[in-house]
Amino acid sequence: MASIDLALNQGTDSRQHGESVVNNFSIKVGTVNGSGSQSANSVLLRTIFLMGVPVSGKNLFPSNIAGLPTWFTIRISKDGYMARRSDSEVLVAMNAETAVDDVRGLKPGSFVLFDEPLKLETLRDDLVFYSVPFDKLVVPVAPEPKLRKLLRNMVYVGVLAHLLSLEMPEVEAAISKQFNGKKRATEINVAAVRAGYEYAAVNLPRSRYTVERMNENTNKIIIDGNSAGALGALFGGVTVVSWYPITPSSSLIEALSDYLREYRVDANGKATFAVVQAEDELAAIGMVLGASWAGARAMTATSGPGISLMAEFTGLGYYAEIPAVIWNIQRVGPSTGLPTRTAQGDLLSTAFLSHGDTKHPMLLPASAAECFEFGGAAFDLAERLQTPVFVLSDLDIGMNNWVSDPFVYPEKPLDRGKVLSKEDLDRLGSFARYRDVDGDGIGYRTLPGTEHPNAAWFARGSGHNDKAQYSERPDDYVNNLDRLNRKWETARNIVPAPVVERSAPGAEVGIIAFGSSHWALVETVDQLQQEQGIAADYLRLRAYPFSTALREFIDAHERIYVVEQNRDAQMLQLIKMDIAAADVVKLHSICHYNGHPLDARFVTDHIVLQENASRENVSKEQK
């Protein structure tokens, strides 16, 4: 039987389902957790990257045990869009538990590559089905049963290489990179890929979905946000790290530990850093504050449950004015929530963490490059402001791989803020630790070990005056809290400023977003213009407290849509507290909180609905 006849017996010839689709589709791979599919999917992603095509990948995996469903989606976009898409045109169905539902969720004209025993070809007549005997193909490659289970995934890489016209030299290069050039691992995985490719070349016609070489990835890199943040912290001068493992932040500290062991060792092989796994998050933040008080650049990383445990010590850092850097890789809550799903739900709890009147600066990276940038900048900011600084990333940024421009090498020296040396004290004679000398709310400090009799001061969490002496006088407390608020106003001008990412002359509509939502928003702005003729400006927030640029953006527009990934519109609440009451009526909320990365279509559809409602209201008022 000819190869085309065999394919027609499995399903309809793909050439009957429309025109060729080049570099503009999405692949969804459905497998089970612990099956080794992550390596295969990473190879697919990197192969497309090596072919110069814009690509992004999202891993949706369970939070508990092996054997549960997991999905990996790869988006190929000639236009450079990086956000998740909620639908896919190519399905690799390897999990019997989810295969039927996955097939039913496809749009007509898509194709399904499936494991032969699943017998999916009769489910629909508007899809193209490719049946592959994975177990048979993997036996000659790997006699060991345990190894076969892992290599079955590499077989589907080979089949897809044929169906999608992926270049085999790039597939092999991606495999070598995945396994760090280890000869045996590379050879056996290449063999599995070739088994799949050769079977497909003989038995399956190519699909209408094609990857063709572009030149969009020159000098770019692939990296996850947690690794980027770790590298930024290294360049930022971190020397003490205290942490307690929690998904999805653990990989940040694990990556940082590797970097420190490689680059922070003296000529004698002795470590010039300390990484401590504490007994819990409470101990972790306590160690960070102690190390920071002593003059080290210290940090921790956690997620929502850990942030909750750090509340009291964070209040100490705020009130005693001790620098610290805390990474919060956000996940879905409340409580344990969904540990392996993404969200932006810790804004309010982090901004005001601890009891009493506390407010904390938050940096909001939107990319791996900004994770690197803020990884270092957070230390400068914490030491300039003498306060804990939070970096709020999320699981989508932190644990997924991103195509990024190379990071900008830091050229400015570390900014330690207002630190008095022995020579300064000789000249001044003495100092008052909490006195506002410069009118910016920030006092001067000394570090332990400064050889001067007037260098000492009490870092107390109880009431104190400007000399750091214990005091319960009402005027001392009020003066202290007012000075801390002046410091907050100073912070507005030194945290990273917001960026107008898209601008349309005369646009009445403004959109505000932050963090990983950014990637959906750039696509939404294009969809609004192209599909609805709605011109919109888009402002991306990069930090809290907000600068005056936020208020100016709101003033310049009739309607503002605040897009975020939580249920209760937490960023909207922060903005409402910061702007004039008369402007609050301009604000509209779009909240996405199902745990999946935000997709542009969700935002576009919700803005269109609200815009149509707004037009109807105006029409009624005019009548």
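Residues numbered from 1 in each chain as written. Predicted model: local features only at pLDDT ≥ 70, side-chain atom pairs only at ≥ 80, totals over all residues. Heavy atoms only, no water.

A.B. asks: Would you mind showing me how to read the nonpolar core here?
C.D. replies: Side chains that are nonpolar tend, in soluble globular proteins, to be buried together. The biggest cluster of nonpolar side chains holds 57 residues, and the ones touching the most others in it are F111, L113, Y156 and L164. Of all hydrophobic cores here, the second largest spans 47 residues; its members include I326, L392, L420 and W488. (Core = buried A, V, L, I, M, F, W, Y, C linked by side-chain atoms within 4.5 Å. Buried < 20%, exposed > 50% of the residue type's maximum accessible area, 1.4 Å probe, protein only.)

A.B. asks: How do you make sense of the sheet that holds strand 21 (residues 559-564) when you look at a structure like this?
C.D. replies: Strands belonging to one sheet form pairs held by backbone hydrogen bonds; the direction of such a pair is parallel or antiparallel. With mixed pairing, 5 strands are arranged side by side in an open sheet as 17-19-18-21-22. At either end of the open sheet lies a strand with only one pairing partner, and these are strand 17 (499-502) and strand 22 (587-591). Between one strand and the next, the sheet's axes are offset by a mean angle of 30°, whatever the strand orientation. Inspection of the sheet shows strand 18 (residues 509-514) paired to strand 19 (residues 536-541) by 6 bridges, in the parallel sense. Looking across to strand 19, one finds that V509 is bridged to A536. (Pairing = 2+ DSSP bridges. Helix = DSSP H or I, 4+ residues; strand = E, 2+ residues; numbered from the N terminus. Axes fitted to C-alpha atoms, helices over the stretch in contact; angles between N-to-C directions.)

A.B. asks: Could you clarify how one ought to interpret the side chain of E321 in this entry?
C.D. replies: Along the polypeptide, E321 turns up in the loop between helix 12 (311-320) and strand 13 (324-330). Classification of E321 as buried rests on a relative accessible area of 1%. Contacts of E321, omitting those with residues within four sequence positions, involve L316, Q386, R433, Y434, R483, L484 and K487. (Contact = heavy atoms within 4.5 Å.)

A.B. asks: Please clarify how the sheet that holds strand 3 (residues 55-60) should be interpreted in this entry.
C.D. replies: Ordered in space as 3-4-2-5-6-7, the 6 strands form an open sheet in which the pairing is mixed. Looking at strand neighbours, the two that pair on one side only are strand 3 and strand 7 (128-132), the edges of this open sheet. In this sheet, neighbouring strand axes are inclined to one another by 15° on average, regardless of whether the strands run parallel or antiparallel.

A.B. asks: I would appreciate a short explanation of the environment of G30 in the present structure.
C.D. replies: Relative to the helices and strands, G30 is located in strand 2 (residues 24-32). G30 gets classed as buried once you look at its relative accessible area, which sits at 1%. It is 15 Å that separates the C-alpha atoms of G30 and V159, two residues lying 129 residues apart in sequence. Excluding residues within four positions of it along the chain, G30 makes contact with T70, W71, V92, A93, M94, N95 and D102.

A.B. asks: What exactly am I supposed to notice about the packing of aromatic side chains here?
C.D. replies: Any aromatic ring pair is given by two values, namely how distant the centres are and how the planes are angled relative to each other. Considering all chains together, one arrives at 11 aromatic pairs under this definition. On the basis of an interplanar angle of 55° and a centroid distance of 5.5 Å, the ring pair of F25 and Y209 is categorised as tilted. Of this pair, F25 sits in strand 2 while Y209 sits in strand 8 (residues 209-210), and the two are 184 residues apart along the sequence. Residue F25 is classed as buried on the basis of its relative accessible area of 0%. Arranged with centres 5.0 Å apart and planes meeting at 70°, the rings of Y544 and F546 form a pair that is edge-to-face. The class for Y544 is buried, based on a relative accessible area of 7%. With a relative accessible area of 1%, F546 lands in the buried category. Counting every residue linked through ring pairs, the aromatic cluster contains F25, F111, Y130 and Y209. (Phe/Tyr/Trp six-rings, centres within 6.5 Å; stacked < 30°, edge-to-face > 60°.)

A.B. asks: Explain the environment of E97 here, please?
C.D. replies: As for its placement among the helices and strands, E97 is situated in the loop between strand 5 (90-93) and helix 3 (99-104). Taking the C-alpha atoms as reference points, E97 and P69, 28 residues apart in sequence, are found 7.6 Å from one another.

A.B. asks: I keep staring at the packing of helix 2 (residues 37-50) against helix 6 (residues 168-178) and nothing clicks. Help me out?
C.D. replies: Helices that pack against each other are described as a pair by the angle of their axes relative to one another and the distance between those axes. Where helix 2 meets helix 6, the closest approach of the two axes is 8 Å, and the angle between their N-to-C directions is 130°. The angle between helix 2 and helix 6 places the two elements in the oblique class. Considering how the two elements wind past one another, helix 2 and helix 6 form a crossing that is right-handed. Within the contact between the two elements, helix 2 uses S39, S42, V43, R46, T47 and L50 and helix 6 uses E170, V171, A173, A174, I175, K177 and Q178. Here the contact of helix 2 with helix 6 is composed, by residue class, of 6 nonpolar, 4 polar and 3 charged. (Parallel < 35°, antiparallel > 145°, perpendicular 65-115°, else oblique. Left-handed = near helix turned anticlockwise from the far one by under 90°. Nonpolar A, V, L, I, M, F, W, Y, C, P; charged D, E, K, R; others polar.)

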